[in-house]
Amino acid sequence: MSAPVQRGSIARWNQTMIPTTREAPADAESPSHILLSRAGYIRKLGAGIYDYLPLAWRVIKKVSAIVREEMDAAGASELHLPVLLPIELYAGTRRDRDYGDLLFKINDRKAGTYALGPTHEEPITELVKGSVSSYKQLPINLYQIQVKFRDEARPRSGLLRGREFIMKDAYSFHMNVEGPGGLNETYDKMYQAYSNVFRRCGLSFTAVEAESGPIGGSASHEFMVNCESGEDTVLRCPASGYAANVEKCEIGARPAPSKGYFGGDPSGVMEEVHTPGCPGIEDVCTFMKVKPGNMLKSVLFKVVSSAEDLAKYGEEYILAVVRGDHDVNEGKVKAAAGVKAIALADPAEAIKKGFAIGFVSPRAAVGKPGVLLLVDREAAVGFDDAAGKAKFWVTGADKKDHHVKHFNWVRDLGTDPLAAEAHQPETHGTGGLKGGNKYMMVADVRNAVAGDPSPRSAGAKLETSRGIEVGHIFKLGTKYSEAMGLAILDDKQQKRPVIMGCYGIGVSRTMASSVEQNHDADGIIWPAAIAPFGVLITIMKHDAPEQTNLAADLAEQLAAAGVDVLIDDRDERPGVKFKDADLIGIPVRLTLGDKALAAASVEFKLRSSKDKGSLVPIAEVVAACVNAVRGNG
RNA sequence: CGGGCUGUAGCGCAGCUUGGUAGCGCGUUUGACUGGGGGUCAAAAGGUCGUGGGUUCAAAUCCCGCCAGCCCGACCA
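None of the values given here were measured: they were computed from a predicted structure.

Reading the values: the criteria
- Residues numbered from 1 in each chain as written.
- Chains lettered and ligands numbered in written order.
- Predicted model: local features only at pLDDT ≥ 70, side-chain atom pairs only at ≥ 80, totals over all residues.
- Heavy atoms only, no water.
- Pairing = 2+ DSSP bridges.
- Helix = DSSP H or I, 4+ residues; strand = E, 2+ residues; numbered from the N terminus.
- Axes fitted to C-alpha atoms, helices over the stretch in contact; angles between N-to-C directions.
- Contact = heavy atoms within 4.5 Å.
- Domains from an automatic or database assignment.
- Salt bridge = Lys/Arg side-chain N within 4 Å of Asp/Glu carboxyl O.
- Buried < 20%, exposed > 50% of the residue type's maximum accessible area, 1.4 Å probe, protein only.
- Phe/Tyr/Trp six-rings, centres within 6.5 Å; stacked < 30°, edge-to-face > 60°.
- Lys NZ or Arg CZ within 6 Å of the ring centre and 35° of its normal.

*Asks:* I'd like a description of the sheet that holds strand β21 (residues 394-396), backed by residues and values.
*Replies:* The three strands are arranged β14-β22-β21 in an open sheet whose pairing can be described as antiparallel. The sheet is open, and its two edges are formed by β14 (271-274) and β21, each paired on a single side. Each adjacent strand pair in this sheet contributes to an overall mean axis angle of 35°, direction not counted. Pairing analysis gives four bridges linking β14 to strand β22 (residues 402-405), with the strands arranged antiparallel. Across the sheet, V273 pairs through a bridge with H403, a residue of β22. Strand contacts of helix α7 (residues 281-288): β14, β21 and β22, with the helix running at about 60° to β22, the strand carrying the most contacts.

And the structure:
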């Protein structure tokens, strides 16, 4: 682009507030929390609530500017919605209930209840409903950058999981999914825009397939900053490039065991073992000295039925069984059972139904109408092919404080698992639910783990890594428009619910995850594009005119070239200034001292490089800075 | 919401077991020396010991309630 260079700004350390400290607050643990606190970017005001000091605010503004440029370029328009939202808005979509305690609620003087917006699907839908009346006005994509609130059960890791945070949220509206102006077109544009944003921010990231969570919808991707300290697990196939989060990740074809599902002789006589106070897999394994891979884990879900289904079929349950070293995946359970919604069964209710929670075995599902037994492939095994002998299973004894060992599916289940119905793992349907006739099914119902076969490339194995979610895009569909009555006449004069997409970027989280990804023992190392300043000029003698004058002169030239400059004009010892410089992480440091000045030079050092820096002639230093700051951005 | 734990100066902590004068380091202020990787010396300011109650002649210390915060788990953008 050949647009005129926007002038950079000049700030002096003495005139701004950068309260660096030698020690971090005791509650800071993650690198971003420690370093942003120590370097004077943020201060804690309460649990999950932070002040953004001048340096931090500059970073936020730089990230925001990149977000705005990419959003605008992709055809979105910025607006600003209220934070304070009447609770009735959320009642319409039942998210006041679905969101639960995560929704911050406050009362006004008349005891009316309001929510502090956690996202803005409802108000934006309400706005469009009253403002857009023709299909000719669609598609439209509206966004804002604003503070959001979530009453987190446990705020942690500084800015990474706060109760108040800065987010960019966008919402698009369409008449169609496919074709020009359709949801997919905008979704793809947003995917590209998000990739541009995070690339321009200098972050290493991965876009992964994801479940859409409580916001609802049909398809979604998460943008994860690659970082070992991240909270989320990312799975990827090195051969095909497929990447997904654990909730979503599919598992490639897993071959059936050589003797067929459930087939194989018992490993021994089934024996009951007293396991007091050991409801968890870990406890039992420690107590009985068995590996989790030899446990059968049984998790009971209750089907959330519609009133109609409830009247017709009664209450229904699913008992999902996976190997002890695996985790049940709710989404896959839902899909395999062919039901829309499930929830972990209430313990008290489950016990009443005859499930000894904590000590449940697959047998507990047998003979109970309305209960589907869903067995994961690696749990539906009687013969251990890897070990070449009968599979040794430990599972619950279906009574409190007892487990059994040498469980064998064929001998001990209490019914024949080899029956034809159980043998059609590919058939997804209603199973034994909703009047179906299959009491048990073998299916993929667990989370993927490293080493699982790739779903996209035969022979390849999934790998895992960690990440921090900084962006999330959803195809919402008509969930909100239907719930709130946003319908528009199309070109055939048919009134149709508007199709929506929504797209979020955690702006404050992006700042923190950059620090997580880019730091060393001495402090932050900002990518130039989002650094609060491009260049730090460190004056060795704050009262030496030849140094202060040169600093002012260089700063002026750099600003004219579009570089933001911070001048460290404090009366501090050199050691303090150097330590602080490393801490706050400005990409380029120019040191103005007697030695260099005697050679008509200044010292030029990149924060990202370990060397001591080099002398650059004064006449060339501005170009060197511009080059370093641009080359990186 | 379960389990563990912590509230003492701006920050990091000791003191509490065994009740009796409020301590240390960093930071801050003043002065001097110093001046290229958190320097030295001297002096100083700064705390209703989270909060309410109880026991006691006397509570930072013992007991009870509450509040706030942290960690692990559950949950989660």
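Resuming the write-up.
*Asks:* Describe the domain arrangement of chain A, with residues and values.
*Replies:* Partitioning chain A into structural domains gives domain 1 (58-250 + 465-515), domain 2 (271-443) and domain 3 (533-629). Distance from the C-alpha centre of domain 1 to the C-alpha centre of domain 3: 41 Å.

*Asks:* Can you tell me about the environment of G252, naming the residues and giving the values?
*Replies:* On the secondary structure map, G252 appears in the loop between β13 (243-245) and β14. On a C-alpha basis, the gap between G252 and A460 in space is 9.1 Å, while along the polypeptide they are 208 residues apart. Discounting chain neighbours no more than four positions away, the residues touching G252 are P453, S454 and P455.

*Asks:* Give a detailed account of the pattern of salt bridges, specifying residues and quantitative values.
*Replies:* Opposite charge on two side chains allows them to pair when their charged atoms are near. Summed over all chains, the structure comprises 37 salt bridges. Residue D564 is joined to R58 by a salt bridge in which the shortest nitrogen-to-oxygen separation is 3.3 Å. On the criterion of sequence distance, the pair formed by D564 in the loop between α14 (545-560) and β31 (565-568) and R58 in helix α2 (residues 54-73) is long-range, its members being 506 residues apart. Side by side, D564 and R58 carry an identical accessibility label, which is buried. Across the pair E378 and R254 runs a salt bridge whose closest N-O atoms are separated by 2.0 Å. Of this pair, E378 sits in the loop between β18 (371-376) and β19 (383-384) while R254 sits in the loop between β13 and β14, and the two are 124 residues apart along the sequence. One salt-bridge network, in which partners are shared between bridges, spans R254, K332, D376, E378, D444, R446 and D452.

*Asks:* Tell me what's going on with the packing of aromatic side chains, and back it up with residues and numbers.
*Replies:* Inspection of the entire model under this criterion finds twelve aromatic pairs. For the pair Y52 and W57, a centre-to-centre distance of 6.2 Å together with 70° between the ring planes defines the contact as edge-to-face. On the accessibility criterion, Y52 (21% relative accessible area) is partly exposed. The partly exposed category is assigned to W57, whose relative accessible area is 39%. Taken together, Y191, Y194, F198, F205 and F223 form an aromatic cluster joined through their ring pairs. Just above the ring of Y187 sits the side chain of K475; from NZ or CZ to the centre is 4.9 Å.

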